[in-house]
Amino acid sequence: MLELGVLNALTRGARSTGGVGGEERPGCVGGATARAPCVARGLASPLLPPPPANRLGGLPGGFSRPSVSLGGPGAVGLTRSAEPSAALGAGWRRSALAAMRPRKACLLVLLFALAQLLAVASAGEADEDSSVTENAIEDEEEEEEDEDDEEEDDLEVKEENGVLVLNDANFDNFVADKDTVLLEFYAPWCGHCKQFAPEYEKIAKVLKENDPPIAVAKIDATSASMLASRFDVSGYPTIKILKKGQAVDYEGSRTQEEIVAKVKEVSQPNWTPPPEVTLVLTKDNFDDVVNDADIILVEFYAPCFLLAGVGTARSSPPSTRRQPRSSASARPQFPWQKSTPRQKQTWPRGIVDYMIEQSGPPSKEVPTLKQVQEFLKDGDDVIIIGVFKGESDPAYQQYQDAANNLREDYKFHHTFSTEIAKFLKVSPGKLVVMQPEKFQSKYEPRTNVLDIQGSTEGSAIKDHVVKHALPLVGHRKTSNDAKRYTKRPLVVVYYGVDFSFDYRAATQFWRSKVLEVAKDFPEYTFAIADEEDYAAEVKDLGLSESGEDVNAAILDESGRKFAMEPEEFDSDVLREFVTAFKKGKLKPVIKSQPVPKNNKGPVQVVVGKTFDSIVMDPKKDVLIEFYAPWCGHCKQLEPIYTSLAKKYKSHKGLVIAKMDATANDITSDRYKVDGFPTIYFAPRGDKKNPIKFEGGDRDLEHLSQFVDEHTTAQSRTKEEL
């Protein structure tokens, strides 16, 4: 049908125009068109016989030789060189028309041949499409066969050097009917796994000869991700013993002897798993468990990070393991690769040491004078020693009870030695509190003594210890800051503090300057601090580029900081600075980001310099969020908090604000921030008693309820009133 349609269309065109090319133009032969006029130049048409020549050797009537027209395929035209005679023109025209009849026939034949070629080409394309479809189907069938082969390969349990190879596909089928299976989870790139491989192959050989044989398998945890997740694998190699489908962690050394012995032990028919050394505490059992325990280690965790698995309880000596005093935990999750050498895991060891220390008596006996002398010579903290006749002394028991309540903050000692009592110049029944030699001075007594009787209250012992725990000028360090130097105002002098032999004299020289001032301000706490240990604090004070070797600052009760103007340090300079603070003449140093130029968004941005003007504005209710840029919870809250601000945009007396608490100082101590995000509502007229958002979900509904509950009537729009 396609061929006939093409042929008919071409034939109709030839009939209507005398050629192919479009509208016939008068005066042209063979279908020259208006779009392409006849031209004289070019080759003569081979389809049109030349007319008879005249006596001048040219064409009759002055016609030139015919040429191919630009009007289209088959269009033939003549150009005139002179006006022909009517007779000659008519005769030649008849002969030309007669000659064109066979030309049309030839044209039709050519068109028919063209149609046949089109038909052949179309059929070839159809065959090719059919062939492509058949090939695609064959390829899909081959791929399905390959996948089936791969699945069969995954299901097949292969063996490499005596060790079975398991994966996600074949694991459950293989272990279903096995009583005991030894498993190693490894990573191909792990160096420890490669070193362990020969030993594991020996283990497989030994257990294969056991009666009954015990299967030994390995699992590539990097490809068998489902199994790795299922068995909480987070380090390599991880060894587990599967007992009737239940995994038992192996935590011994990676030696053939120990592993084989453990596997054989677990494989015994009467073997049962040991009781859990950790106990999960809930709101239902927390009070009962904690109150019943003499000492307990409790981990409060979030699902994003679990401390459990570091082996704290398991690593403790048997004498300190008490099952009821377990640490609250969850399934083991390791924050590091197990291939980390054990000696580098120092912080779990610190927890164990701390718990061992806390599990003992609150006060340790000092039997010899030499120990006391060492405390004085090399000590770095307050020395507390109770002197008693013996353990039956009633005062001794009172001392122990008081020490137990303070054991987390102080180290207590006691002695029954008369030699030590003589050295300390006290009689039995006395509590002696003194400082190491490097912190003693002529402005304070060498010892502070309290008389303890059987009737002495524990609070009296506590007050005596706390009162004399610090020297007149102590050494503030990052390790003791949270327990010793929380009292404010605190006067801190920063320089290169070093009590080692070579630098002790220089350290004490500047400390003596501070002592001269500290003795006159007993209501303040004075301390020296190494400028490198507190480099960030010195920078926030604007003193890191002071150019002075010694700088000073005062930290007050409200969290404000006051920096001493840089100048050559001396006791007189320090005295003037402390006196100016006491009289309220100093301006605080405020750590602050730049004040925003455009602060017209739904949530107002508060910085250190604008905290008082925005949050403490007595005419406004303010909801303030303290956040940290790195805090994930803060990022989740951001769109909700913005929606909240848009919701209350019409409340003219209500401000929804936020502040980066890591980059800005909070200039009021009423706003305590212990975590992020922290949200407070500061009601108008009562800024010193902000209300903290606690307990509810941080969603739009609960935050709206919180705002509605505390917003004052003056902050609402007239429409709402």
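What you see is a predicted model, and the numbers here were worked out from it, not measured in a lab.

### Quick look at the confidence of the model for the chain
Close inspection of predicted coordinates is inappropriate in any region flagged by low pLDDT.
Move 1: Averaged over the chain, the pLDDT score is 80; the fraction of residues at 70 or greater is 72%.
Move 2: Counted against residues more than four places away or in other chains, residues 1-7, with its pLDDT under 50, gives six contacts.
Move 3: With pLDDT under 50 throughout, residues 9-88 is counted as low confidence; its partners more than four residues away or in other chains account for 125 contacts.

### Quick word on the packing of helix α11 (residues 394-406) against helix α13 (residues 458-467)
Move 1: Put simply, α11 and α13 touch, their axes get as near as 9 Å, and they point 60° apart. Compared by their axis directions, α11 and α13 come out oblique. In terms of crossing hand, the pair formed by α11 and α13 is right-handed. Facing Q398, Y399, A402 and L406 of α11, the residues of α13 in contact are G458, I461 and K462.
Move 2: Considering only residue class, the contact of α11 with α13 consists of four nonpolar, two polar and one charged.

### Side note on the pairing of strand β10 (residues 383-387)
Move 1: Most of β10 sits out of view: five of its five residues are buried.
Move 2: Residues I383, I385 and V387 of β10 are buried on one face, and the alternating residues I384 and G386, pointing to the opposite face, are buried as well.
Move 3: As paired elements, β10 and strand β12 (residues 430-434) share five bridges and run antiparallel to each other. Bridge pairing in β12 links V387 to K430.
Move 4: Where β10 meets strand β11 (residues 412-415), four bridges bridge the pair, whose relative direction is parallel. Along β11, the bridge assignment pairs I385 with H413.
Move 5: After leaving β10, the chain enters α11 and then returns to the sheet as β11, a path that is right-handed.

What counts, and where the lines are drawn
- Residues numbered from 1 in each chain as written.
- Predicted model: local features only at pLDDT ≥ 70, side-chain atom pairs only at ≥ 80, totals over all residues.
- Heavy atoms only, no water.
- pLDDT = per-residue confidence, 0-100.
- Contact = heavy atoms within 4.5 Å.
- Axes fitted to C-alpha atoms, helices over the stretch in contact; angles between N-to-C directions.
- Helix = DSSP H or I, 4+ residues; strand = E, 2+ residues; numbered from the N terminus.
- Parallel < 35°, antiparallel > 145°, perpendicular 65-115°, else oblique.
- Left-handed = near helix turned anticlockwise from the far one by under 90°.
- Nonpolar A, V, L, I, M, F, W, Y, C, P; charged D, E, K, R; others polar.
- Buried < 20%, exposed > 50% of the residue type's maximum accessible area, 1.4 Å probe, protein only.
- Pairing = 2+ DSSP bridges.
- Right-handed = clockwise from strand over helix to strand, strands pointing away.

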